[in-house]
Amino acid sequence: MHADRGQDAFAHAARLDRQRQAESARATAMVRAFAKQAKDAGIEPERLRARPYSGKALLKTDVLGWYINRACSVGVSVDGDFYVLHGPGGLAAWLKGVHLEPSDPPLELGRGARDGESMPMDKALAIRLEAGDSWP
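Residues numbered from 1 in each chain as written. Predicted model: local features only at pLDDT ≥ 70, side-chain atom pairs only at ≥ 80, totals over all residues. Heavy atoms only, no water.

Caption draft 1: Just the side chain of Arg128, in detail. With respect to the secondary-structure elements, Arg128 resides in helix H3 (residues 121-131). Beyond its immediate chain neighbours, meaning those up to four positions away, Arg128 contacts Phe34, Ile43, Trp66, Tyr67, Ile68 and Trp135. (Helix = DSSP H or I, 4+ residues; strand = E, 2+ residues; numbered from the N terminus. Contact = heavy atoms within 4.5 Å.)

Caption draft 2: Examining the sheet that holds strand E2 (residues 59-67) more closely. One open sheet accounts for five strands, arranged E4-E3-E2-E1-E5; its pairing is mixed. The open sheet has two edge strands with one neighbour each: strand E4 (82-84) and strand E5 (86-87). Examined bridge by bridge, strand E1 (residues 46-52) and E5 share two bridges and lie parallel to one another. Residue pairing for E5: Arg51 is matched across the bridge by His86. (Pairing = 2+ DSSP bridges.)

Caption draft 3: Main features of H3. Within H3, burial applies to Met121, Ala124, Leu125, Arg128 and Ala131. For H3, the angular spread of the buried residues around the axis is 125 degrees, confining them to a single face. (Buried < 20%, exposed > 50% of the residue type's maximum accessible area, 1.4 Å probe, protein only. Arc of directions from axis to C-beta.)

Caption draft 4: View of the nonpolar core. In this structure, Phe34, Ile68, Val76, Phe82, Leu109, Met121 and Leu125 are the most contacted members of the largest nonpolar core, which totals 14 residues. Contributions of two or more residues to this core are made by helix H1 (2-40), strand E3 (74-77) and H3. For this core, the element with the highest residue contribution is H1, accounting for four residues. If we skip the residues at most four places from it in the chain, Leu125 touches Met30, Val31, Phe34, Ile68 and Val76. The next biggest cluster of nonpolar side chains, apart from the first, holds twelve residues, and it includes Tyr83, Ala93, Ala131 and Trp135. (Core = buried A, V, L, I, M, F, W, Y, C linked by side-chain atoms within 4.5 Å.)

Caption draft 5: Quick look at the side chain of Thr61. Along the chain, the position of Thr61 falls in strand E2. Only 2.5 Å separates the side chain of Thr61 from the backbone oxygen of Leu48, close enough to count as a polar contact. Among the polar contacts listed, one links the side chain of Thr61 to the backbone nitrogen of Val63, at a separation of 3.1 Å. Other than its neighbours up to four places away in sequence, Thr61 contacts Arg47, Leu48, Arg49, Ala50, Val98 and Leu100. (Polar contact = N/O pair within 3.5 Å; in protein donor to acceptor, adjacent residues only side chain to side chain.)

Caption draft 6: Just the packing of aromatic side chains, in detail. Applying the stated criterion across every chain, the model contains one aromatic pair. Seen in terms of ring centroids, Phe34 and Trp66 are 5.7 Å apart; in terms of plane orientation they differ by 90 degrees. Their pairing is edge-to-face. With Phe34 in helix H1 and Trp66 in strand E2, the pair connects residues that are 32 residues apart, well separated along the chain. Since its relative accessible area comes to 0%, Trp66 is described here as buried. Over the ring of Trp135 we find Arg70; its NZ or CZ atom is 4.4 Å from the centre of that ring. (Phe/Tyr/Trp six-rings, centres within 6.5 Å; stacked < 30°, edge-to-face > 60°. Lys NZ or Arg CZ within 6 Å of the ring centre and 35° of its normal.)

Spelled out as structure tokens, the structure:
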């Protein structure tokens, strides 16, 4: 009986992982298309900044791109990679900046967040493109 539950749990976890990978692949295509459209539209990229995990100051990053939410907590690089703009803090990070690695993009920005400000990725990208260079 316990073996069946274990098998069921593994099968369920595998299904969830396949679903997450499929969603991420769809979101990746959206993010890459956004980067191309933003460049084609002449929207100026900027050096993105990240917040330390403590949430205080802003840190320089090595990512050139566009913020895609009003909180400026996620962005897309000119290469079409998705970034969560958080990093380790500390004096060295404040002085030198931080290196960020791209993340797998979700289909919905902010899903499960406490502030209730989730938005489908395609809608967030469309709003950002429409705003052009007029972004907070």
